[in-house]
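Spelled out from the first residue to the last, the chains are:
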Amino acid sequence: MLKDEIAPSKSLYSTTFEFGTMGDGLLASIDSVKRTVMENQLVHHGSNNKQTIKVLESRYREMFYPSEQKCPDKAKEDFLQAMEGVMKFNNIME
């Protein structure tokens, strides 16, 4: 609605991309939820064990900032493929 109000003669294509780092499938989804729940528990209830804190924080961080280079490389490859599809769909490129 805002686009129509501000620039009615322009076209708009809106999208989002989700780049998972935990892998596909049920087990990866369960692991992701488990790490999130454990991090949430740590934030709200803390821990007296420094090693536990270190491990849980590391596991949670790994979900968003993977240490393996193949994850960012794959995300970049997927993003470029998606952008090419968007541009072809909108006749910006052949």
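The structure presented is a predicted model; accordingly, all values stated were derived computationally and were not measured. (Residues numbered from 1 in each chain as written. Predicted model: local features only at pLDDT ≥ 70, side-chain atom pairs only at ≥ 80, totals over all residues. Heavy atoms only, no water.)

This part is about the overall build of the protein. For the protein, the helix and strand inventory stands at four helices and zero strands. Starting at the N terminus, the α and β elements of the protein follow one another as α-α-α-α. The C-alpha radius of gyration of the protein comes to 20 Å, more than 25% above the 12 Å expected for a compact globule of 94 residues. With the C-alpha coordinates aligned to their principal axes, the bounding extent of the protein is approximately 60 × 35 × 20 Å. Counting across all 94 residues of the protein, residues that qualify as buried make up 6%. Restricting to contacts in the protein with at least 6 residues of sequence separation, those with at least 24 account for 58%. Summing over all exposed atoms, the protein offers an accessible surface of approximately 8,300 Å²; the carbon and sulfur share of this is 54%. With 12 positive and 14 negative side-chain charges, the protein shows a separation of 7 Å between the mean positions of the two kinds. (Helix = DSSP H or I, 4+ residues; strand = E, 2+ residues; numbered from the N terminus. Rg over C-alpha atoms; globule rule 2.2 N^0.38 Å. Buried < 20%, exposed > 50% of the residue type's maximum accessible area, 1.4 Å probe, protein only. Contact = heavy atoms within 4.5 Å. Areas by Shrake-Rupley, 256 points an atom, 1.4 Å probe, with all protein chains shown as cover. Lys, Arg positive; Asp, Glu negative; His and termini not counted. Charge placed at Lys NZ, Arg CZ, Asp CG, Glu CD.)

A surface patch of nonpolar side chains, amounting to about 340 Å² of accessible area, comprises F17, F19, F79 and L80. Examined against the element boundaries, F79 turns out to sit in helix α4 (residues 70-89). (Patch = residues over 30% accessible without salt bridge, like charges linked within 9 Å, V, L, I, M, F, W, Y side chains within 5 Å. Salt bridge = Lys/Arg side-chain N within 4 Å of Asp/Glu carboxyl O.)

What follows is about the pattern of salt bridges. Under the defined criterion, the tally for this structure stands at five salt bridges. Among the ionic pairs, E84 bridges to K88, the shortest N-O distance being 2.9 Å. With a gap of four residues between them, E84 and K88 both fall in helix α4, about one helical turn apart.

From the geometry alone we can't say anything about function, so treat these as descriptive.
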